[in-house]
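# Close look at the chain arrangement
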Amino acid sequence: MAEKATVLSVNNLVINFKTDNGLVQAVRDVSFDLKQGETLCIVGESGSGKSVTSKAIMGILANNAIIAGGNIMYRGENLLEVSEEEFYKIRGHKIGMIFQDPLSSLNPIVKIGKQITEATLINSDKLKLMYNDLISDDLIRYKNTLAKMNIQIDTEEKKLESYISELSKKGKLTAADKADIKQKKAEFKLFAQNTKAEYMAQARTLKEVLDKKSTEAKAKVKEYKAKVTAEHKEKEARIREKLKNASGEQKEQLQKELEEEKTNFMNQLSITKAEAKRRALEIMREVGIPEPEKRYNQYPFEFSGGMRQRIVIAIALTVSPEILICDEPTTALDVTIQAQILELINRIKAERNLSCIFITHDLGVVANMADRVAVMYAGKIVEYGTSDEIFYDPRHPYTWALLSSIPDVDSKEKLEAIPGTPPNMIYPPAGDAFAARSKYAMNIDYREQPPYFKVSDTHYAATWLLHPNAPAVEMPRIVKERIRISLEEDSHEHEE
């Protein structure tokens, strides 16, 4: 069986946040990839870095975020270096996102029909879209060159500001400190000048190519419009000629054909409000909203929580994204509605062959969703594997703790709460971040961060317990019991 293509790849991503109290290390050297048509679930407690990672992919990080390293590759481009113009073409169009709280995602004073059709109508001018597609590659190269220049300069400037800020916290600056700051400012100024000179030379060459392509694109669009208009006038003239001698049912039929021809002509040039509404109603039916014609004209407050989430999903699907990021989409819903929304996302993913990143703090939700699972803690992925490997052969103590805390009707063991709280990421621990909360922690866990140990070709865990010299440790009894019950249930299902 051929391996599925990789549609998104996150490599060694490092994201910090500048705050009054210091630098928060929110994401620390995170790497994963997303395959075509699969669901990757990222699991972890609040503050583990799950949502920050997803926002980096969407290009919607807060202004105080500093991307200190790594890349996010999509279609051969690093999303951390693309211009806002290019991200505008990707965000929502190629990569869609469903947020945690549907009510805060919807405008309370705008009818949901208008909110669903908004993206379609904004991009309704097909001639403009055709022109943009024709110049897209050259425009992106030009804009991305300028964006890379600005990103490099901004990154160095933020490093300089951070360095000065750290020195200032120590108290009064010494003469040596002042001299050092002056030197670093001079180095930054020189770096900025050299960077601008290098990238602007590239940008001028790319601009000449873009201007030429733009002229060619305008000519092609004009030619297409003239061709479509001529064909329409010819068809319209034929129908009007027949109408002169028509009567009764034949006349009604020809008038209907004339109206259809006008509609078809308009739809070739732009997406009309009627066409946008038709598409919206179709998607509303697809996501399971009953009586879509009636609901189309209602406001968000007239819907239940589950129905509001369906509307948010409908909005995300209007432009047919390739990747769908679901950031805890069931957290604000009750259990039965959760199950319906999860089933809906699974069905739509299968029907549209979507690739999905599903973010949650609940391993119970992951069980029926995931192809692969990444367990995050304190900004790092601590275990990574297929769904079966994480549920039936977990290796990291944090994964054990998450599995031990899930309510279960079958096992008779007492649920285990995870003691303590996550570490302060302004001062992350030197070793394994989970060590202070783990009863399996060894001395080395407090001193050194564990590397990834390979369990199988698809399963890795960052825990010193997998080191050849580590003492043998068994997983908690409650986890073993749940695995045994699950395997027995699976065995009975296969027998039936």
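Residues numbered from 1 in each chain as written. Predicted model: local features only at pLDDT ≥ 70, side-chain atom pairs only at ≥ 80, totals over all residues. Heavy atoms only, no water.

### What about the pairing of strand 11 (residues 453–456)?
Pairing geometry for strand 11 and strand 12 (residues 459–461), over three bridges, is antiparallel. When the sheet's bridge partners are listed, S456 is paired in strand 12 with H459. Joining the antiparallel neighbours strand 11 and strand 12 is a turn of two residues. (Pairing = 2+ DSSP bridges. Helix = DSSP H or I, 4+ residues; strand = E, 2+ residues; numbered from the N terminus.)

### Points about helix 14 (residues 397–404)
Helix 14 sits mainly inside the fold: eight of its eight residues count as buried. The complete set of buried residues in helix 14 reads P397, Y398, T399, W400, A401, L402, L403 and S404. (Buried < 20%, exposed > 50% of the residue type's maximum accessible area, 1.4 Å probe, protein only.)

### What about the sheet that holds strand 2 (residues 22–35)?
Reading across from one edge, 2-1-4-5 is the order of the four strands in this open sheet, with antiparallel pairing throughout. Either end of the sheet is taken by a strand with one partner, and the two such strands are strand 2 and strand 5 (77–78). The sheet contact formed by strand 1 (residues 6–19) and strand 4 (residues 65–74) spans eight bridges and is antiparallel. Counted as the bridge partner of S9 is M73 from strand 4.

### Points about the sheet that holds strand 9 (residues 372–377)
With mixed pairing, the eight strands of this open sheet are ordered in space as 6-7-8-3-9-10-12-11. For this open sheet the edge positions go to strand 6 (95–98) and strand 11, each flanked by a neighbour on one side alone. Direction aside, neighbouring strands of the sheet carry axes that sit 20° apart on average. Set on the sheet, helix 11 (residues 335–352) makes contact with strand 3 (39–43), strand 7 (323–327) and strand 8 (355–360); between it and strand 8 the angle comes to about 160°. (Axes fitted to C-alpha atoms, helices over the stretch in contact; angles between N-to-C directions. Contact = heavy atoms within 4.5 Å.)

### Digging into the nonpolar core
With 64 residues, the main nonpolar core has V287, I313, I345, F358, L363, V366 and Y398 as its most contacted residues. Sorting elements by how many residues they give to this core places helix 10 (residues 305–317) first, with seven residues. (Core = buried A, V, L, I, M, F, W, Y, C linked by side-chain atoms within 4.5 Å.)

### Some remarks on the packing of aromatic side chains
One pass over the structure, following the stated rule, counts six aromatic pairs. For the ring pair Y377 and F434, a centre distance of 5.2 Å and an interplane angle of 85° mean the geometry is edge-to-face. Remark: F434 occurs in the loop between helix 14 and helix 15 (443–447) and Y377 occurs in strand 9; sequence separation between them is 57 residues. Centroid distance F453 to W464: 6.0 Å. Interplanar angle 65°. Geometry classified as edge-to-face. Of this pair, F453 sits in strand 11 while W464 sits in the loop between strand 12 and helix 16 (477–495), placing them eleven residues apart in sequence. Comparing F453 with W464 shows no difference in burial state: the two are buried. By the ring-pair criterion, three or more aromatic residues cluster together here, those being Y377, Y398 and F434. Sitting over the ring of Y163, K184 keeps its end group 5.0 Å from the ring centre. (Phe/Tyr/Trp six-rings, centres within 6.5 Å; stacked < 30°, edge-to-face > 60°. Lys NZ or Arg CZ within 6 Å of the ring centre and 35° of its normal.)

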